[in-house]
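Descriptive structure summary
Each chain is listed here by its residues.
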Amino acid sequence: MKIKSKLLSNNISIPSIGFGTYKSGNEKETAIVVKEALNLGYKMIDTASFYKNEVGIGNGIKESKINREDIFLVTKLWNDDHGYENTIEAFNKSINNLQVDYIDLYLVHWPNKLNAETWRAFEYLYENKKVKSIGVCNFKIEHLEELKKTAKIMPMVNQIEIHPFSTKNDIVNYCEYNNIQVVAWSPIARGRVFTNDLMIELSNKYKKSIPQIVLRWHIQRNIIPIPKSSNKDRIKENIDIFDFEISSEDMKRINSLNEGDNISVSTPPVNTIY
């Protein structure tokens, strides 16, 4: 399966779909599912220190026998680790757990009152080639505008919750205008799309599964989805989305499912300015 890629603002190539690993299981289960995903053609593996699965992911990467430089590895800084020194320390812990020398994309997991100080550490890691690209997660327009005041380098990525029930048009448009690539977590709304009448109709029309319809919708919005699954057939199916196109009329119909920016599958953690 050949996955297309996109260019970030710093000309680093990022795959146009990734593999999410939240709640991936224990170390052994995580290693198996990551190895499976890599061998099925995924190039991007997304994790976070908060997921407590970085060791399993590192093992899965090693067991896959795929060259490190052919994998786009993403991890994130958790809320408790903000601040300059803490960020450097947390980063070093992550690369040790992942058993790698560098990270392809390092993200601030949630906005925090120490954003400016934390971001300075991110810039240091980037300038010293410990990370190939840097970004944020769950940042709203006001968080990015605030960061602009002190940042030397703006985030290359903003990873946010996006699915047909929360299309996030304003932040998506803002990021596009500011050359920040949007990545979607929970792209199929933790399965809520499965019971939606429009999705069932479009699945029949395009002869594709409901997740394939939704993931293709993301791709056509220039958003990178990171679906997760532990089922081999589903893992494979989720990247088989480059051989069809949703019509502009059907794209609009999916967009009309939007219920607003605050529709979420989870609640923000403590220590978050949200």
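For the structure itself, consult the block above.
First, a word on scope: everything that follows refers to the structure included in this document. Nothing here was measured: the structure is a model prediction, and the numbers come from that model.

1. So, the overall build of the protein
Within the protein one finds 10 helices and 10 strands. Taking 274 residues into account, the globule formula puts the C-alpha radius of gyration at 19 Å, and the protein, at 18 Å, falls close to it. Principal-axis analysis of the C-alpha atoms places the extent of the protein at approximately 55 × 40 × 35 Å. The buried share of the protein, taken over its 274 residues, is 57%. Contacts in the protein between residues at least 24 apart in sequence constitute 75% of all its contacts with a sequence separation of at least 6. In the form shown here, the protein has an accessible surface area of approximately 12700 Å², with 47% of it arising from carbon and sulfur atoms.

2. A word on the pattern of salt bridges
Close approach of charged atoms allows side chains with opposite charge to pair. Scanning the entire structure with this criterion turns up 15 salt bridges. Note that Glu63 and Lys35 form a salt bridge whose closest N and O atoms lie 4.0 Å from each other. Separated by 28 residues along the polypeptide, Glu63 in helix α2 (residues 54-64) and Lys35 in helix α1 (residues 27-40) bring together distant segments of the chain. For Lys35, a relative accessible area of 29% puts it in the partly exposed group. The salt bridge partner of Glu237 is Arg234, with a shortest N-O separation of 3.7 Å. Pair noted here: Glu237 and Arg234 are both in helix α9 (residues 232-238), with a separation of 3 residues, about one helical turn.

3. What to know about α1
The end-to-end C-alpha separation of α1 is 20 Å, in line with the 20 Å expected for 14 residues at 1.5 Å each. Residues of α1 that are buried include every one of Thr30, Ala31, Val33, Val34, Ala37, Leu38 and Leu40, and no others. Positioned one or two residues after α1, Gly41 has a phi angle of 120°, which is positive.

4. Considering the sheet that holds strand β4 (residues 44-46)
Pairing within the open sheet is parallel, and its 8 strands lie in the order β3-β4-β5-β6-β7-β8-β9-β10. The sheet is open, and its two edges are formed by β3 (19-20) and β10 (224-225), each paired on a single side. Here β4 pairs with strand β5 (residues 72-77) via 3 bridges, running parallel. In the sheet register, Asp46 faces β5, and the bridge partner there is Val74.

5. Details of the packing of helix α7 (residues 197-206) against helix α10 (residues 248-255)
As a packed pair, α7 and α10 sit with axes 11 Å apart at the nearest point and diverge in direction by 160°. Classified by the angle their axes make, α7 and α10 are roughly antiparallel. Relative to α10, α7 is oriented so that their crossing is left-handed. Contacts from Leu198, Met199, Glu201, Leu202, Lys205 and Tyr206 of α7 reach α10 at Asp250, Arg253 and Ile254. Of the residues assigned to the contact of α7 with α10, the class counts are 5 nonpolar, no polar and 4 charged.

6. As for the nonpolar core
Core analysis: the biggest nonpolar cluster contains 84 residues, and Ile103 and Tyr106 have the highest contact counts within it. Residues within four places of Ile103 in sequence aside, it is in contact with Arg68, Leu73, Thr75, Phe91, Ile95, Leu98, Lys130, Val131 and Lys132.

7. Side note on unusual backbone geometry
The backbone of Lys65 shows a phi angle near 65°, a positive value even though the residue is not glycine. Summarising the element assignment, Lys65 is placed in the loop between α2 and β5. With phi around 60°, Asn138 is a residue other than glycine that occupies positive phi space. Using a relative accessible area of 3% as the deciding quantity, one classes Asn138 as buried.

8. Notes on the environment of Lys4
Tracing the backbone through its elements, the reader meets Lys4 in the segment before β1 (5-7). Sequence separation of Lys4 and Ser16 is 12 residues, and the distance between their C-alpha atoms is 5.7 Å. Once you skip the residues sitting within four places of it in the chain, Lys4 turns out to touch Pro15, Ser16 and Phe242.

9. Quick word on the packing of aromatic side chains
The description of an aromatic ring pair uses the distance of the two centres, along with the angle that the planes make with each other. In the structure shown here, the tally under the stated rule is 8 aromatic pairs. Measuring from centroid to centroid gives 5.0 Å for Tyr22 and Tyr51, while their planes differ by 50°, and the two rings are tilted. Of the two residues, Tyr22 sits in the loop between β3 and α1 while Tyr51 sits in the loop between β4 and α2, which places them 29 residues apart along the sequence. Residue Tyr22 is classed as partly exposed on the basis of its relative accessible area of 27%. The structure contains a cluster of three or more aromatic residues connected by ring pairs, namely Phe91, Tyr106, Trp119 and Phe122.

The rules behind these values
- Residues numbered from 1 in each chain as written.
- Predicted model: local features only at pLDDT ≥ 70, side-chain atom pairs only at ≥ 80, totals over all residues.
- Heavy atoms only, no water.
- Helix = DSSP H or I, 4+ residues; strand = E, 2+ residues; numbered from the N terminus.
- Rg over C-alpha atoms; globule rule 2.2 N^0.38 Å.
- Buried < 20%, exposed > 50% of the residue type's maximum accessible area, 1.4 Å probe, protein only.
- Contact = heavy atoms within 4.5 Å.
- Areas by Shrake-Rupley, 256 points an atom, 1.4 Å probe, with all protein chains shown as cover.
- Salt bridge = Lys/Arg side-chain N within 4 Å of Asp/Glu carboxyl O.
- Expected span 1.5 Å × (residues − 1).
- Pairing = 2+ DSSP bridges.
- Axes fitted to C-alpha atoms, helices over the stretch in contact; angles between N-to-C directions.
- Parallel < 35°, antiparallel > 145°, perpendicular 65-115°, else oblique.
- Left-handed = near helix turned anticlockwise from the far one by under 90°.
- Nonpolar A, V, L, I, M, F, W, Y, C, P; charged D, E, K, R; others polar.
- Core = buried A, V, L, I, M, F, W, Y, C linked by side-chain atoms within 4.5 Å.
- Phe/Tyr/Trp six-rings, centres within 6.5 Å; stacked < 30°, edge-to-face > 60°.

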